Amino acid sequence: MNFKMAAPTQSLRPSKQVAFKINGHQTDISCTDFQNRLFLVITQLQKIGTLIHLSKDVVMEQGPTHVYTTKVLLGKDEEHLNLLARRLAERIPINKPILLSLALKDTSIITLKAIEQLIVDNQMWEVR
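Now for a look at the structure at hand. Because the structure is predicted, anything quoted here is derived from the model rather than measured. (Residues numbered from 1 in each chain as written. Predicted model: local features only at pLDDT ≥ 70, side-chain atom pairs only at ≥ 80, totals over all residues. Heavy atoms only, no water.)

Another point: the sheet that holds strand 3 (residues 38–43). Ordered in space as 1-2-3-6-4-5, the six strands form an open sheet in which the pairing is mixed. Edge positions in the open sheet fall to strand 1 (15–22) and strand 5 (64–74), since each of these has one partner strand only. Taking each pair of neighbouring strands and ignoring which way they run, the sheet shows an average axis angle of 20 degrees. As paired strands, strand 2 (residues 25–33) and strand 3 are joined by six bridges and run antiparallel to one another. Looking at strand 3, one finds that Ser 30 is bridged to Val 41. Along the sheet, helix 1 (residues 79–91) contacts strand 3, strand 4 (50–60), strand 5 and strand 6 (98–103); its crossing angle with strand 4, the most-contacted strand, is approximately 50 degrees. The strands touched by helix 2 (residues 109–121) within the sheet are strand 1, strand 2 and strand 3, with strand 1 carrying the most contacts at an inclination of about 145 degrees. (Pairing = 2+ DSSP bridges. Helix = DSSP H or I, 4+ residues; strand = E, 2+ residues; numbered from the N terminus. Axes fitted to C-alpha atoms, helices over the stretch in contact; angles between N-to-C directions. Contact = heavy atoms within 4.5 Å.)

In this section: the pairing of strand 3. By the criterion of burial, strand 3 is predominantly enclosed, with five of the six residues buried. Counted along the chain from strand 2 to the antiparallel partner strand 3, the turn is four residues long. Where strand 3 and strand 6 come together, six bridges link them in parallel fashion. Within the sheet, the bridge partner assigned to Val 41 lies in strand 6 and is Ser 101. (Buried < 20%, exposed > 50% of the residue type's maximum accessible area, 1.4 Å probe, protein only.)

Listed below in C-alpha cells is the structure:
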C-alpha cells in the first residue's frame, strides 16, 4: 500500500507562555488563541486543572453593563477559583469566550492577585 502524506497546514496556534515564582511556587501561565475562544492555562502543578468557561454578556437595563458568567466544566466548583475567573474576564479586553484551566497549590488571596496582575502586565491575551 502506498500512503500519501498531505501537506501540513498551519497547525500551531498562536500562543504565549510565561513562568514566575509566586510565594515560592513555580507558576506557569500559557495562553493559546483559537478561532472561537482563548485557552488560558495557569498551573503550579505542571498539568491541566479545573476547567472553567468564561463568557461576557451585555445587559441593557440602565445602559450597557457587562455581566460575566463562569461555568465549571471539569473539576471542583470552588468559590475562590470562580472569583479569579470572573476578575480575569473583567480585565482581559477580548470579546470571545475564555476557557480557563487552574491547577494551583496556593490559592491564597495574595497568590490570586499576583496571578491576575501577571496576566494583565504581560498582556497574555496578545498572542499574535
